[in-house]
Amino acid sequence: MAGADGDDSLYPIAVLIDELRNEDVQLRLNSIKKLSTIALALGVERTRTELLPFLTDTIYDEDEVLLALAEQLGNFTMLVGGSEYVHCLLPPLESLATVEETVVRDKAVESLRKISQEHSPVDLEVHFEPLVKRLASGDWFTSRTSACGLFSVCYPRVSSTVKAEIRQHFRTLCSDDTPMVRRAAASKLGEFAKVLELDYVKSDIISLFTALASDEQDSVRLLAVEACVSIATLLPQEDLETLVMPTLRQAAEDKSWRVRYMVADKFSELQKAVGPEITKNDLVPAFQNLLKDCEAEVRAAAANKVKEFCENLPEDSREQIIMTHILPCVKELVSDTNQHVKSALASVIMGLSTILGKDNTIEHLLPLFLAQLKDECPEVRLNIISNLDCVNEVIGIRQLSQSLLPAIVELAEDAKWRVRLAIIEYMPLLAGQLGVEFFDEKLNTLCMAWLIDHVYAIREAATCNLMKLVEKFGAEWAQNTIVPKVLGMANDPNYLHRMTTLFCINALSEACGQDITTKQMLPVVLKMSTDQVANVRFNVAKSLQKIGPVIDSSALQTEVKPVLEKLATDTDMDVKYFAQEAISVLVLA
Amino acid sequence: MSAISASEKVDGFTRKSMRKAQKQRKSQGSSQYRTQSAPVELSPLPQLKDAPSTEQQELFTQKLQQCCMLFDFMDSVTDLKSKEIKRATLNELVDYVSTNRGVLVETTYPEITTMICTNIFRTLPPSDNPDFDPEEDEPTLEASWPHVQLVYEFLLRFLENPDFQPSIAKRHIDQKFVLQLLELFDSEDPRERDFLKTILHRIYGKFLGLRAFIRKQINNIFLRFIYETEHFNGVAELLEILGSIINGFALPLKAEHKQFLMKVLIPLHTAKALALFHAQLAYCVVQFLEKDPTLTEPVIRGLLKFWPKTCSQKEVMFLGEIEEILDVIEPTQFKKIQEPLFKQISKCVANPHFQVAERALYFWNNEYILSLIEENIDKVLPIMFGSLYRISKEHWNPTIVALVYNVLKTLMEMNCTLFDELTSSYKADRQREKKKEQERDELWKKLDELRLSSSALVQNNSHGLPGVQNNNNNNNSNNNDTQDKSAEAAAVTSENKDPDDSVAANESSPCAK
């Protein structure tokens, strides 16, 4: 703050404020983002008396500027003189908390929550709490929505009379006639419950929860499901049955699929919050229903939770519950009509094998895996393949390999390049689990075929895949199986394939080591320097630069240098450029 | 997967038309949560017209009750007979209430509303296509339409029946009814939304007690659309109804209505899907201004605040709306907003997107606007001059340059002396601007130094602003599927005649040479 006193004349507030008023939004935005610099220049005193009032008065600007302002003010405590003066920041933030644009308002609330912690308990009651009350009773819905997020930060630190007022305000907002406000209140219900004394949770929160959970709008009801998790965690086990379960049961059978979806989506959390007994009696049938829901969205959300739900079942009855209640539903989902449901299931189903053990997996799950490996939707097959490691641990991958191979081959030739890309990414993992022999026999051809795919992204991924395979199987394997094929492509009539050779060399040289690189790869690269296509030639220059460090230095001088020098005089300016770059990087000049 | 054709296998990029064609086959959805037990088979009742008049009333009720049975239309083979019976009965009911007098006795109202509510009020199914683009994609049609359509038809005839008594009906067609009706406007099926539009209009006309409630709920739907979900299929239909509601507002306008204009209609302009309802929206705005011209200034300032930053398509729409407003503007109002407005217009004429520039320059073809400009030429010309002068020399598009010349000529004719002054001071002005720019840089440099020297107060988070661009969001972002992955292949020389070059869209594009 040293600069603040002496430099007043240098940075009169008028100039700075002029910047904040500039016609160009971008410039205004820049100055707002540097608001802390301005405050620093002004010093704490003038920041409080001049800058903040100005900011409070001129809150009519583009939302982008307001957002920046709301964020800045959250970090302003030191700049106004520390926690003693932090309440000066409340007026501008209060106005920002009433703005229409949600992003701005949320940021203002975030900043308010932040600086609430910097208030002393007295200031909190004198300055902060009245602001919350004003917002809570504002005319327009925006201020009331903002208020919802502020109750929980001041409640723990105020006197019991003020606490009673805060509870009253929260109650009012929960039955606001604007659905936006009820949604905001419902979304903060859990958070607010956490800071309340247990008695009030039982007396106040439960009734609000019940009311919101039966709101006329499903967008409100579904938020109550979220709150359910926090509330159930707070209550003692013996009260759950009477206070929470009726509402939860009702939500699981709500007529709106959005609410049921939310229940499915939060199922693991709910399960943990209500404990094992209620899970056994209530949640298992509820979960079965969700898995059989008439809406695919709900089934997919539930299918996603199958593994987690089973994992968290009480150990004594876990296997029995899965086998008699869950598995029959899962079996049906394997042949669901909706591909999202099937692919959600495929992404978790393999996890069941660790829970059920070897025998059950072979007897009950394996047929399902195999069915999904043959599914018509590539995403389902991919999800199974990407989780192979779970099964590998339990029963070994050999059980699957018969069906695995056709599935992989089909995915490898899928018409959608994103699918091909995805399967390529699992290749190194698969190769590791299936072993080098199986790989050479069945998968090697595929990996090479990808190199001449007509989509660049696939060729690129294939190149990278080769590198990872070489890292796994070693240089010798590379020399025998991969390198000859890669180098053979250097004579391909298609220049794109010739370039792929270069890209492969770039990727493989390091993993293959000096010997292979110098003796086998380098001659091919050098030969390509006379290619007709300029793209190939400048990629030769780039490749030489890349593999230079792996080549022994005599070859670098005697073979690489003359070629690069020649390329540096090429008629094509890109070739020249990259050749010169290579020369200077390899220090051959 | 088996349906993939050979051509698709070759290029790997499913063409949109093909995807569409594949989807069209099953673009039907329905969400009747089937808590009820399986439908009981219906048996046909005697025709109403054959029944003796003493029994007609009883039969009418029975038929209404029969029509409360719901069927699963996603399954096209079950209950065919019962479905047909219900369809015929509904047809008969429609006919009965539209041609007969004296059939709407008080006791039938509850039966009628129960039948309607059971059939049409349902949670809409999740969209088949999570990123449904109403402009591009085919909507998912309501599968149970063969029945639902007739129920809507029936509801409409019921409301339009000369014997219909709102005072009795209001016990059933209440706030809850209206609320559920409004939720249905989110239906993806345009046929359904069209019916809803007419029905809501009738209800608004007949139930005076519900009017304020309806307006408020529409408000809430719009606000949720703008600030929360950005998704609601029926915005255009609701705006269309509002257009005629606004038309009937009494003067002076109530504060509630003005608030609706400023806090709902103007922010609606920020929506990404503006194109779908812009015509209706602009109509509503202009209706307001014709009612109360003093609203012109806040409205135009509001539009300027939400002016699209990156979406040229939306910018063209905004310009269209501004022209509609200028068509009805009063000269006194024009004076109040001419400065900020023409600053924006001068940016638009300089827009590198020629459609934006062209749309803005078309203002000069509008006689009324021309007369307003001429009246205020001393204010307008200095604002416009810089952009026009620069564009006349720099714009890439010859049509724009030609248009700009015409505009310059028109402006010159309006005030020749001012035009000459501006021409001669153009250079000096540019230089002054440059100098100011430099001074600003210097100032900030000094401030930054100061900040460095007192680094004890590192408090700033000037990065990572997520931005509120969702306001002015656009659809400009490239489709990733077609993005050029091979930027390195900067050249394609004459030698390449590889057959796969032409099909691989991502490789044939970068023809640098």
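Residues numbered from 1 in each chain as written. Chains lettered and ligands numbered in written order. Predicted model: local features only at pLDDT ≥ 70, side-chain atom pairs only at ≥ 80, totals over all residues. Heavy atoms only, no water.

**Quick notes on the overall build of chain B**
Regarding its fold elements, chain B presents 23 helices and two strands. Of the roughly 25,000 Å² of accessible surface on chain B, a fraction of 51% belongs to carbon and sulfur atoms. (Helix = DSSP H or I, 4+ residues; strand = E, 2+ residues; numbered from the N terminus. Areas by Shrake-Rupley, 256 points an atom, 1.4 Å probe, with all protein chains shown as cover.)

**Focus: the overall build of chain A**
Counting its secondary structure elements, chain A contains 34 helices and zero strands. For 589 residues, the compact-globule estimate of 2.2 N^0.38 gives 25 Å, and chain A exceeds it by more than 25% at 33 Å. Along the first, second and third principal axes, the C-alpha set of chain A runs to 85 × 80 × 30 Å. Within chain A, the fraction of its 589 residues that count as buried is 61%. Total accessible area on chain A is roughly 22,800 Å²; 51% of this is exposed by carbon and sulfur atoms. (Rg over C-alpha atoms; globule rule 2.2 N^0.38 Å. Buried < 20%, exposed > 50% of the residue type's maximum accessible area, 1.4 Å probe, protein only.)

**With respect to the confidence of the model for chain B**
Low pLDDT marks regions whose predicted coordinates should not be analysed in detail. Residue and element names in this part refer to chain B. On average, residues of chain B score 80 in pLDDT, and 80% of them reach the 70 mark or higher. Low pLDDT, under 50, characterises residues 1-26; the predicted model gives this stretch 35 contacts beyond four residues in sequence or across chains. Scored as a complex, the prediction yields pTM 0.78 and ipTM 0.75. (pLDDT = per-residue confidence, 0-100. Contact = heavy atoms within 4.5 Å.)

**A look at the pattern of salt bridges**
Residues and elements named next belong to chain B. Taken as a whole, this structure holds 54 salt bridges over all chains when the rule is applied. With a shortest N-O distance of 2.7 Å, Glu-160 and Arg-202 are connected by a salt bridge. Of this pair, Glu-160 sits in helix H6 (residues 145-160) while Arg-202 sits in helix H9 (residues 190-206); the two residues are 42 residues apart in sequence, bridging distant segments of the chain. As a salt-bridge pair, Arg-430 and Glu-433 come within 3.3 Å of each other at their nearest N and O atoms. Linking Arg-430 with Glu-433, this pair stays in helix H21 (residues 416-453), spanning three residues, or about one helical turn. (Salt bridge = Lys/Arg side-chain N within 4 Å of Asp/Glu carboxyl O.)

**Some points on helix H20 (residues 398-414) of chain B**
Residues and elements named next belong to chain B. Taking 1.5 Å as the rise per residue, H20 with 17 residues should run 24 Å; its terminal C-alpha atoms sit 25 Å apart, in good agreement. Every buried residue of H20 is listed here: Ile-400, Val-401, Leu-403, Val-404, Val-407, Leu-408, Leu-411 and Met-414. Buried residues of H20 fall within an arc of 160 degrees about the axis and therefore sit on the same side. Exposed residues pointing more than 90 degrees away from the buried face of H20 are listed as Pro-398 and Glu-413. Capping the start of H20, Asn-397 holds a side-chain oxygen 2.8 Å from the backbone nitrogen of Thr-399, two or three residues further along. (Expected span 1.5 Å × (residues − 1). Arc of directions from axis to C-beta. Polar contact = N/O pair within 3.5 Å; in protein donor to acceptor, adjacent residues only side chain to side chain.)

**Section: the state of the cysteines**
Covalently bonding the sulfur atom of one cysteine to the sulfur atom of another cysteine gives a disulfide. Residues and elements named next belong to chain A. Counted according to the given criterion, the structure contains zero disulfides over all chains. Cys-174 provides the cysteine sulfur closest to Cys-148, a residue in no disulfide bond, and the two sulfurs are 7.1 Å apart. Cysteine Cys-329 shares no disulfide, and the gap to the nearest cysteine sulfur, in Cys-310, comes to 10 Å. Since its relative accessible area comes to 5%, Cys-329 is described here as buried. (Disulfide = S-S within 2.5 Å.)

**Regarding the packing of aromatic side chains**
Residue and element names in this part refer to chain B. For the structure on display, the rule yields 32 aromatic pairs over all chains. Seen in terms of ring centroids, Phe-334 and Phe-342 are 5.9 Å apart; in terms of plane orientation they differ by 75 degrees. Their pairing is edge-to-face. The exposure class assigned to Phe-334 is buried, which follows from its relative accessible area of 0%. Residue classification places Phe-342 among the buried positions, given a relative accessible area of 1%. For the pair Tyr-389 and Tyr-426, a centre-to-centre distance of 4.4 Å together with 50 degrees between the ring planes defines the contact as tilted. (Phe/Tyr/Trp six-rings, centres within 6.5 Å; stacked < 30°, edge-to-face > 60°.)

**Points about helix H14 (residues 218-234) of chain A**
Residue and element names in this part refer to chain A. If you check H14, its first and last C-alpha atoms are 25 Å apart, about what 17 residues at 1.5 Å a residue would give, namely 24 Å. Along H14, the sharpest kink reaches roughly 30 degrees, centred on Ala-227. Within H14, 14 of the 17 residues are buried, which leaves the element mostly enclosed by the surrounding structure. (Bend = angle between axes of the 7 residues up to and from the residue.)

**Details of the environment of Leu-281 of chain B**
Residue and element names in this part refer to chain B. You can see Leu-281 is positioned in helix H13 (residues 278-291). Here the alpha-carbon distance between Leu-281 and Glu-55, two residues 226 residues apart in the chain, equals 51 Å. If sequence neighbours within four positions are ignored, Leu-281 has contacts with Leu-239, Leu-265, Leu-268, His-269 and Leu-274.

**Regarding the confidence of the model for chain A**
Residues and elements named next belong to chain A. In the predicted model, chain A carries a mean pLDDT of 87, and 97% of its residues have values of at least 70. Of all secondary-structure elements in chain A, the lowest mean pLDDT belongs to helix H1 (residues 2-6), at 41, while helix H9 (residues 141-148) reaches the highest, 94. When the criterion is pLDDT under 50, residues 1-9 qualifies, and its contacts beyond four places in sequence or with other chains add up to eleven contacts.

**Some thoughts on the environment of Glu-358 of chain B**
Residue and element names in this part refer to chain B. Here Glu-358 is to be found in helix H17 (residues 354-361). On a C-alpha basis, the gap between Glu-358 and Val-401 in space is 9.8 Å, while along the polypeptide they are 43 residues apart. Sequence-distant contacts of Glu-358, defined by excluding residues within four places in its chain, comprise Thr-399, Ile-400 and Leu-403.

**Here we look at the packing of helix H29 (residues 456-473) of chain A against helix H30 (residues 475-488) of chain A**
Any two packed helices are characterised by how steeply their axes cross, that is the angle between the axes, and by the distance between the axes. Residues and elements named next belong to chain A. Two elements in contact, H29 and H30, have axes whose closest approach is 9 Å; the angle formed by their N-to-C orientations is 160 degrees. Judged on the interaxial angle alone, H30 and H29 are roughly antiparallel. The chirality of how H29 crosses H30 is left-handed. In this structure, H29 contributes Leu-466, Leu-469, Val-470 and Phe-473 to the contact, and H30 contributes Trp-477, Ala-478, Ile-482 and Val-486. (Axes fitted to C-alpha atoms, helices over the stretch in contact; angles between N-to-C directions. Parallel < 35°, antiparallel > 145°, perpendicular 65-115°, else oblique. Left-handed = near helix turned anticlockwise from the far one by under 90°.)

**Focus on the packing of helix H18 (residues 267-291) of chain A against helix H19 (residues 296-304) of chain A**
Residues and elements named next belong to chain A. For the pair H18 and H19, interaxial distance at closest approach is 7 Å and the crossing angle is 130 degrees. Viewed along their axes, H18 and H19 adopt a mutual orientation that is oblique. Contacts between H18 and H19 involve Phe-287, Leu-290 and Leu-291 from the former and Val-298, Arg-299, Ala-302 and Ala-303 from the latter.

**Topic: the nonpolar core**
One finds Leu-564 of chain A together with Ile-203 and Phe-222 of chain B to be the most contacted residues of the largest nonpolar core, which totals 371 residues. Ranked by residue count, the leading element in this core is helix H31 (residues 495-527) of chain A, at 15 residues. Once residues lying within four places of it in the same chain are set aside, the contact partners of Leu-564 of chain A are Ala-541, Leu-544, Ala-579, Ala-582, Ile-583, Leu-586 and Leu-588 of chain A. Counting six residues, the second-largest nonpolar core is a separate cluster that includes Phe-71, Phe-73, Ile-85 and Ala-143 of chain B. (Core = buried A, V, L, I, M, F, W, Y, C linked by side-chain atoms within 4.5 Å.)

**Digging into unusual backbone geometry**
Residue and element names in this part refer to chain B. Put simply, Leu-251 and Pro-252 share a cis peptide bond, and its omega is -10 degrees. With respect to the element layout, Pro-252 can be found in the loop between helix H11 (235-247) and helix H12 (255-268). Its identity is not glycine, yet Glu-230 carries a phi of approximately 55 degrees, on the positive side. You can see Glu-230 is positioned in the loop between helix H10 (211-229) and H11.

**As for the environment of Pro-367 of chain A**
Among the structural elements, Pro-367 of chain A can be located in helix H23 (residues 352-373). C-alpha of Pro-367 of chain A to C-alpha of Ser-160 of chain A: the two residues are 207 residues apart in sequence and 63 Å apart in space.

**Points about the side chain of Ser-509 of chain A**
Of note, Ser-509 of chain A is situated in helix H31. Look past the residues within four positions of Ser-509 of chain A in its chain and what remains in contact with it is Thr-517, Met-521, Ile-547 and Val-550 of chain A.

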